[in-house]
Amino acid sequence: MKPPAPAHACAIVLVLLPLLAVLQTTCAQKNAIDIYSLTVDSRVSSRFAHTVITSRVVNRADSMQEATFQMELPKKAFITNFSMIIDGVMYPGNIKQKDAAQKQYSAAVARGESAGLVKATGRKMEQFQVSVSVAPSAKVTFELVYEELLKRRLGVYELLLKVQPRQLVKHLQMDIHIFEPQGISFLETESTFMTNELADALTISQNQTKAHIRFKPTLSQQQKSAEQQDTVVDGNLIIRYDVNRTLSGGSIQIENGYFVHYFAPEGLSMIPKNVIFVIDTSGSMMGKKIRQTREALIKILEDLRPEDHFNLISFSREATQWKPSLVPASTQNVEEAKKYANSIKAQGGTNINDAMLMAVQLLDTATREEQLPSGSVSLFLLLTDGDPTVGETNPTKIQKNVQEAIGGQYSLFCLGFGFDVSYAFLEKLALDNGGLARRIYEDSDSALQLQDFYQEVANPLLTAVTFEYPSNAVEEVTQDNFRLFFKGSEMVVAGKLRAQSPEVLSAIVSGQLPMENITFQMESQVAKQEEEFQKPKYIFHGFMERLWAYLTIHQLLERMVSASDADKQALETQALGLSLNYSFVTPLTSMVVTKPEGQEQSQVAEKPMENGRTVFRHGAMGHAGPILPGVNFSKAGVSLYARVHDLPSKTVGTPGLNAPVLYRYTSRKLDPDLRIPSRKGFLANPLLASSSSGGPTILDDYLDETMEETSPTAPPPAPIQAPTVILPLPGQSTDQLCVDIKRTPGPLLLLLSDPDQGLEVTGEYKMEKAQFSWIEVTFKNPQLQVHVSPEHVVVTRGRRSSEYKWKETLFVVMPGLTMTMDKAGLLLLSSPDKVTIGLLSWDGLGEGLRLLLRDTDRFSSHVDGILGRFYQGVLWGPPDTTDDSKRTLRARGFDFDATRELKLDYQEGTPGTEISCWSVAL
């Protein structure tokens, strides 16, 4: 029986993402459960990651405490082991068939106890937790092991670590070893908690085939400040990498009697595609969803190539096609389609059946009439946020109708927007027709999620790809034929070598290009390949056999989605046998966690399916009523000032002065912290000063109080504001040039361009708002684009885009460039041999986006742009004879009047400091 909780009971939560450890402590007696060691060891061998998380805790309280081990891992990962060591005794987790563990699970639920169920917690994660009571001074070691095959997506593999100890940890260490026999071509790290002070705790070493990333902060590095015992380690650490590739049959790797074949050839030309976008515009898409869909669709249309053909179908109660047939992606057609996409509105029901049949009919007609390029690939992209409600509403019937109509000729990719959609319905619809399904999460970056998914399928390179191996050499091979191969992805085939396999394993990979077939032949020396994987520091023994089992189970589970009832049972039996044999927690198995006698005995870990409803939903934070900006009232008393012409005529008579008279109203009824903003700069809010019903208003309450007249005062001087841009002057260490944009030839501006640095900065400037709508920085090497708006930061590497919020810590290290952002919202892009570009979301006076430049002596002689011209051949005229605060500045043949003025310096963040600089208006 669980002992009663003491008055100072404490709960600790340890959350682990792929290579991650998160600790949450809620306790009146702080750190009663002390995590004195937390380690993550992940070994990635040929894309297969084996991760061990070990947490050691001690109860420093003088009474029993409860520690809860809670972790998150990738949805595609399988837990393979979990154990606790309490006072030297090991309590393991045992993996059983789900039915065998059901009684223990049900009994725990009936008692109202936590059953340790694994739950989906977000886009990529599942959560697992176990609780245990810890005696005074006792120590507990938790150890979790899980495995996953990293999938190549948009040209990279990705490992994610989330680190949130919530307390200082004496021994905190993460080690990631990567071994790739093909050679590592690219490696970058990204962190949302790393600072310049923590940067030394992260070390990266790399050679041709191996990489080691270590994060080992000291106690002082973890500490926020000398006065605070809180930790600064709080966020994500992501490792991205890719391997070397050529135009070949890929790489066959062999270890311990098993092989894996990776295929992703470089150098193939894109196949023309014919794509029909089928977009749900029902009423449930109203608001943010439809806005983000329009935004994403416009970007996607811009990425179409001239040889592509396309059409759009929008559907609610009825389906409507944009054009009567597919059209080439010419500049004119794309522009027309963007206008159409921008006009899409949400209303009505959801008629998926008619929309999909209309789309198939369009492609059938175009194919029959030979309107499409020979050898091109045809596909559908269906986006919907709800279940069918109009026309045919039976999901099974719709799946049958669509599958019969497509007839194996085209591929269907389904995007489910939000959690109201039936993901199981869409997943089967896609898998039945050679595609895949993806959930789009409702968030600020939903448009980017849509764009990224499109990028995954936007560039087909091969069709009808098949892998062949000698039947006398291999057995139990995983899926070896694929309908489409896309740029940036990878095909993986694994199998077992026969006992009497030859010394050389050969393979033939064949596929179809637009106008011809293509064949790759390759051979792999078995003994030589076996030798590759004998480095114990980087390799865990027998990983390739586990990779084969992992891949086989995932493919069996996927086939079960679209299998007939007769085939489904056989597939389930096979997947269950592998899950138990290799100790994987899959949707068919459960882990029963044992604990010391006298504590809860029936905690069971189960793995949910993506199409299940056990998912974490992000709740919207709402308000009880409307919030009026800047309103602040007092219980103790407040003075309210108003210009008379801000008030209703019935309230205050017109004074006999030309200038408005100020009146002060004092009240002791309302909160002193509420301020009423005025349209004219004073404190009378017309929303509060009048009532459409004619009843009493907040301002009437003020007028019932004493009123005393005050003398008119001169208006305060205009506050000093920040200029549009501050430029460090060339050749000077302290002086700066403050530039304000007063007129432009158009909204789009080339601010900086330096071809020698591979750098370009552009922006859109709105004269009516006197601020930038966005600023964009583009680097050629590495290929990177940073697009900032007042709302967020979007970073695009190649074809991958990521969104970040302002004032969130960010630390990215990639070959040739470092990108950092601090809590003040200063984003810096720096390199040892490049100019440092800074971007800032400034919320002080003259708020808006701001540009910063450092190390400007690194500009080349070819720097250009409306700001770049101030960094080449700048000539200063002498001071004005009557006013030495005025001079003339000549840049690139243009003269500018420069005036010495006080400006607000935004470069060190809000609120800024006053500086004297030479001010120039463009």
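Our subject is the structure listed above.
None of these values were measured; they are calculated from a predicted model.

Of note, Gly 391 is situated in the loop between β23 (377-384) and α6 (395-406). Along the primary structure Gly 391 and Gly 349 are separated by 42 residues, whereas in three dimensions their C-alpha atoms are 9.3 Å apart.

It is worth spelling out the sheet that holds strand β29 (residues 491-497) at this point. Spatially, β17-β18-β29-β27 is the arrangement adopted by the four strands of the open sheet, whose pairing is antiparallel. For this open sheet the edge positions go to β17 (251-255) and β27 (474-475), each flanked by a neighbour on one side alone. Across five bridges, the pairing between β17 and strand β18 (residues 258-263) is antiparallel. Note that in β18 the partner of Ile 254 across the bridge is Phe 259. Of the strands in this sheet, β17, β18 and β29 touch helix α10 (residues 543-562), which is tilted by about 65° from β18.

Attention now goes to the state of the cysteines. For the coordinates displayed, the defined rule picks out one disulfide. In this model Cys 738 forms its disulfide with Cys 917; the gap between the sulfur atoms is 2.0 Å. Taking the sign of the S-S torsion, -115° for the link of Cys 738 and Cys 917, the bridge is left-handed. Within this pair, whereas Cys 738 is found in strand β38 (residues 736-740), its partner Cys 917 is found in strand β53 (residues 913-921), the two being separated by 179 residues in sequence. Here Cys 738 and Cys 917 have matching classes, each one buried.

Before going further, it helps to examine the packing of aromatic side chains. Scanning the entire structure with this criterion turns up 31 aromatic pairs. Both rings, one in Trp 322 and one in Tyr 340, keep their centres 6.5 Å apart while their planes meet at 40°; by these two values the pair is tilted. Of the two residues, Trp 322 sits in the loop between β21 (319-321) and β22 (327-328) while Tyr 340 sits in helix α4 (residues 331-342), which places them 18 residues apart along the sequence. Comparing Trp 322 with Tyr 340, the two get one shared label, buried.

Quick look at the sheet that holds strand β43 (residues 793-797) now. As summarised here, the arrangement of the six strands in space is β39-β40-β41-β42-β43-β44, forming an open sheet in which the pairing is antiparallel. Each edge of the open sheet is held by one strand with a lone partner, namely β39 (748-754) and β44 (800-804). The sheet shows a mean angle of 15° between the axes of neighbouring strands, taken without regard to direction. Strand direction decides the pairing type here: strand β42 (residues 784-788) and β43, joined by four bridges, are antiparallel. Among the inter-strand pairings, Gln 785 is bridged to a residue of β43, identified as Thr 796. Against the sheet, helix α8 (residues 446-457) makes contact with β43 and β44, and its axis sits at roughly 170° relative to β44, the strand it touches most.

The subject of this paragraph is the pairing of strand β15 (residues 210-215). Summarising burial for β15: five of the six residues are buried, a large majority. Sheet topology places strand β12 (residues 171-179) next to β15; six bridges connect them, and they run antiparallel. By the bridge assignment for β15, Asp 175 is matched with Arg 214. In this sheet, β15 lies alongside strand β14 (residues 202-206) in antiparallel orientation, the contact comprising five bridges.

Calculation rules
Residues numbered from 1 in each chain as written. Predicted model: local features only at pLDDT ≥ 70, side-chain atom pairs only at ≥ 80, totals over all residues. Heavy atoms only, no water. Helix = DSSP H or I, 4+ residues; strand = E, 2+ residues; numbered from the N terminus. Pairing = 2+ DSSP bridges. Contact = heavy atoms within 4.5 Å. Axes fitted to C-alpha atoms, helices over the stretch in contact; angles between N-to-C directions. Disulfide = S-S within 2.5 Å. Buried < 20%, exposed > 50% of the residue type's maximum accessible area, 1.4 Å probe, protein only. Phe/Tyr/Trp six-rings, centres within 6.5 Å; stacked < 30°, edge-to-face > 60°.

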